[in-house]
Each structure stands twice: as structure tokens, then as C-alpha cells.
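Chain by chain, the residues run as shown.
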Amino acid sequence: MNDNVNAMARLNSIRIRAAVAGKESLFTLTDPAQVTLDLILDERLIELLFEGERFFDLSRTHTLVTR
């Protein structure tokens, strides 16, 4: 949706929640240009690893063959 600032804020909230206390700054994004579809799909892969959503994410984003 080309809203990289909002996407970066949401990714950072997930990363901060999952980080070790005191080490949050190591994993936060600082530049909205870093946010890409590949980064979002990788984060969803890590967060939802065993929930069976990977196929549907890749199918919906038309990246099933390339990824």
C-alpha cells in the first residue's frame, strides 16, 4: 500500500515485543526505505512459522514461485 512509515512502525512494535530486554534497539528499523514486501514476508514467516499461513501469503502476493 506504499505506507512504509506505518509499516515500519508496526514491524518495530513486533520486533520490540519479541526482543530481549535492553536489546530492542539492535532489531528496530530506522529507515522507511528498508521496508519491502520481502522483509514483510520474512517477518510473517518468522512470526507465524507453524500456523500454516505461508502458502496463502505467497499465493496472495504472487511470489509463490520466486520465493
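S.K.: How would you explain the side chain of aspartate 57 if you had to name every residue and give the values?
M.R.: Mapped onto the elements of the fold, aspartate 57 is located in helix α3 (residues 54-60). A polar atom in the side chain of aspartate 57 sits 2.7 Å from the side chain of arginine 44. Sequence-distant contacts of aspartate 57, defined by excluding residues within four places in its chain, comprise Leu41 and Arg44.

S.K.: Just give me the short version of the nonpolar core, but keep the residues and values in it.
M.R.: In terms of nonpolar packing, the biggest core is built from 6 residues, these being Ala7, Met8, Leu11, Leu29, Val35 and Leu39. With 3 residues, helix α1 (residues 4-18) is the largest single contributor of residues to this core. Each residue touching valine 35, except ones within four places of it in the same chain, is listed here: Asn4, Ala7, Met8, Leu11, Leu29 and Ile40.

Cut-offs applied
Residues numbered from 1 in each chain as written. Predicted model: local features only at pLDDT ≥ 70, side-chain atom pairs only at ≥ 80, totals over all residues. Heavy atoms only, no water. Helix = DSSP H or I, 4+ residues; strand = E, 2+ residues; numbered from the N terminus. Polar contact = N/O pair within 3.5 Å; in protein donor to acceptor, adjacent residues only side chain to side chain. Contact = heavy atoms within 4.5 Å. Core = buried A, V, L, I, M, F, W, Y, C linked by side-chain atoms within 4.5 Å. Buried < 20%, exposed > 50% of the residue type's maximum accessible area, 1.4 Å probe, protein only.

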